[in-house]
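# Coordinate analysis (summary)
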Amino acid sequence: KVAGYAGSAIRIQTNIAGTDTSDSYIINTNDPCSDPDQWTGGVPFSQQPTAITGYYRYNLSGNDTALLIVIFRKNGVHIGDNYFPIRGTGSQSTWTSFSFPVTCAGVPDSIIFAAASSNKISNQGIQNGSFIELDNLAFAGTTQAFPIGDFENWTAKSYDNASGWVSWGVGV
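Residues numbered from 1 in each chain as written. Predicted model: local features only at pLDDT ≥ 70, side-chain atom pairs only at ≥ 80, totals over all residues. Heavy atoms only, no water.

## Focus on the packing of aromatic side chains
Basically, it comes down to this: Classification of ring pairs uses Phe, Tyr and Trp, with its six-membered ring standing for Trp, and accepts pairs whose centres are within 6.5 Å; under 30 degrees between planes counts as stacked, over 60 as edge-to-face, and the remaining range as tilted. Only protein chains enter the calculation, and the probe is 1.4 Å; a residue is then buried if its accessible area is under 20% of its type maximum, exposed if over 50%, and partly exposed in between. Secondary structure elements follow DSSP: runs of H or I of four or more residues count as helices, runs of E of two or more count as strands, with numbering from the N terminus. As a reminder, the over-ring test applies to NZ of lysine and CZ of arginine, requiring each to be within 6 Å of the ring centre and within 35 degrees of the ring normal.
Inspection of the entire model under this criterion finds 9 aromatic pairs. With 5.3 Å between their ring centres and 90° between their planes, Tyr-56 and Tyr-58 make a pair best called edge-to-face. Like Tyr-58, Tyr-56 is buried. A centroid spacing of 5.1 Å and a plane angle of 35° characterise the contact between Tyr-56 and Phe-98, whose relative ring orientation is tilted. One end of the pair, Tyr-56, is in strand E7 (residues 51–59); the other, Phe-98, is in strand E10 (residues 91–101), and 42 residues separate them in sequence. For Phe-98, a relative accessible area of 6% corresponds to the buried category. We note Arg-11 situated over the ring of Phe-131; from NZ or CZ to the ring centre the distance is 3.6 Å.

Okay, structure coming up:
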């Protein structure tokens, strides 16, 4: 959680410790470990948008590339897979608006949205400390709100870590 364009936003950051790279991403599905072509679930959405919009800030070191993914589904079948690599020339330190056209073969019944601070699909150029921050996600061409795209509501959680140990992920 970070201060956003308006209110709160989300920060996704790549962390590398030795030869171990964290999978730093967000996704609104129950099936995040499978291939993106197989993802199921998502959230209800019943209009056909023309673009995904929002605001971002980023710092992408070297040749690192952040990634946004928007998948449209109808009756359990993918009807639109949209991949947007965010390849900066270093740092975008102020909130900047974006708009990427999306394609969808018909009106969906659900969407899956994912974002990553590095492109783990290609595994190229991944750098420690690369990050992307997102806020006010929306769809253009619809009257239906992007599900929870403002990142204003958060659930506080705490995790226990054994003394002298570091835990990556959900804790112990």
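## A look at the environment of Ala-9
This is how the line gets drawn: Contact definition: two residues touch when any of their heavy atoms are within 4.5 Å.
Note on placement: Ala-9 falls in strand E2 (residues 8–13). On the basis of relative accessibility, which here comes to 0%, the residue Ala-9 falls in the buried class. For the pair Ala-9 and Asn-128, spaced 119 residues apart in sequence, the C-alpha to C-alpha distance is 21 Å. Dropping the residues within four chain positions of it, Ala-9 is found in contact with Lys-1, Val-2, Ala-3, Gly-4, Trp-95, Leu-134, Asp-135, Phe-151 and Trp-154.

As far as function goes, none of this settles anything; it's purely spatial.
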